[in-house]
Amino acid sequence: MKVQTKQTVYWTWLNEEGWPIYVAATTKGLCYVGSPDKPYEELSTWVQARYPDSTLIRDDEKMQVYVVELVEYLQGDRHSFSLPFDLQGTPFQLAVWDALCQVPYGQTQTYTHIADYIKKPSAVRAVGAAIGANPLLITVPCHRVIGKNGSLTGYRGGLEMKTKLLQLEQE
């Protein structure tokens, strides 16, 4: 995994529509959308691991562009995101995360489908691991991936969050 250094990471606390989450971005784009009700330490630990020697600064104004799109999505008024991302991962992870962005709003795909999409049909478990490492919950829609039998499977934000996001997309 490519690790960036000496950079400023801006963050804010989004608590709209009952979704209390930390959101962070670099000057390149959104880099982190957290799980609901997780402490600030989850964000700071994640940033330290991916952006060593970076400065973590709260800047609600700079983060407003990201918050607006997330709130629009959570209100059911936005079906896709136009904001830039700053994703840090291995080439495999980046391929999986790109595949997730191809799953249409309101639809689901299986881990097998994602593995086939990236032309790695035998890498279903690795796809699951890459999905679990997705730093951009909601915006890189890993909540749209379900088990082969149609069951809801693990989700970094928890199954309650995954269920709520899938229900939101069905309204």
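Residues numbered from 1 in each chain as written. Predicted model: local features only at pLDDT ≥ 70, side-chain atom pairs only at ≥ 80, totals over all residues. Heavy atoms only, no water.

The name given to the protein chain in an unreviewed UniProt entry is Methylated-DNA--[protein]-cysteine S-methyltransferase, and the organism recorded there is Paenibacillus arenosi.

(A) Summary view of the sheet that holds strand β3 (residues 30-33). The strand order β3-β2-β1-β4 describes an open sheet built from 4 strands, whose pairing is mixed. Each edge of the open sheet carries a strand with a single partner, namely β3 and β4 (55-58). Going from strand to strand, the sheet's axes swing by 25° on average, the running direction of each strand aside. Contacting β1 (8-16), β2 (19-25), β3 and β4, helix α2 (residues 60-74) crosses the sheet at an angle of about 40° to β1. (Pairing = 2+ DSSP bridges. Helix = DSSP H or I, 4+ residues; strand = E, 2+ residues; numbered from the N terminus. Axes fitted to C-alpha atoms, helices over the stretch in contact; angles between N-to-C directions. Contact = heavy atoms within 4.5 Å.)

(B) Examining the pattern of salt bridges more closely. Enumeration according to the criterion identifies 4 salt bridges in this entry. Across the pair D60 and R58 runs a salt bridge whose closest N-O atoms are separated by 2.9 Å. Taking the relative accessible area as the measure of exposure, D60 reaches 37% and is therefore partly exposed. Given the relative accessible area of 45%, R58 is considered partly exposed. The partner of E69 in a salt bridge is R78, with the nearest N and O atoms 3.6 Å apart. Each of E69, E72 and R78 takes part in one network of salt bridges that share partners. (Salt bridge = Lys/Arg side-chain N within 4 Å of Asp/Glu carboxyl O. Buried < 20%, exposed > 50% of the residue type's maximum accessible area, 1.4 Å probe, protein only.)

(C) Geometry of the packing of helix α3 (residues 91-101) against helix α5 (residues 124-132). Running from amino to carboxyl end, α3 crosses α5 at an angle of 80°, the nearest separation of the two axes being 9 Å. Of the possible angle classes, the one that applies to α3 and α5 is roughly perpendicular. For the pair formed by α3 and α5, the contact residues are F92, Q93, V96, W97 and L100 on the first element and A126, V127, A130 and I131 on the second. (Parallel < 35°, antiparallel > 145°, perpendicular 65-115°, else oblique.)

(D) Geometry of the environment of L168. Summarising the element assignment, L168 is placed in helix α6 (residues 159-170). On the basis of relative accessible area, L168 is assigned to the buried category, the value being 11%. Apart from the residues within four sequence positions on either side, L168 is in contact with Y73, L74, G76 and Y105.

(E) Summary view of α6. Its 12 residues give α6 an end-to-end C-alpha distance of 17 Å, which sits within 8% of 16 Å, the value for a rise of 1.5 Å per residue. Those residues of α6 that fall on the buried side of the exposure criterion are M161, K162, L165, L166, L168 and E169. Each buried residue of α6 lies within a common arc of 155° when the element is viewed along its axis, so the set occupies one face. Across from the buried face of α6, at angles greater than 90 degrees, the exposed residues are E160 and Q170. Each element contacted by the buried residues of α6 is listed here: β2, α2, α4 (111-117) and β6 (145-146). (Expected span 1.5 Å × (residues − 1). Arc of directions from axis to C-beta.)

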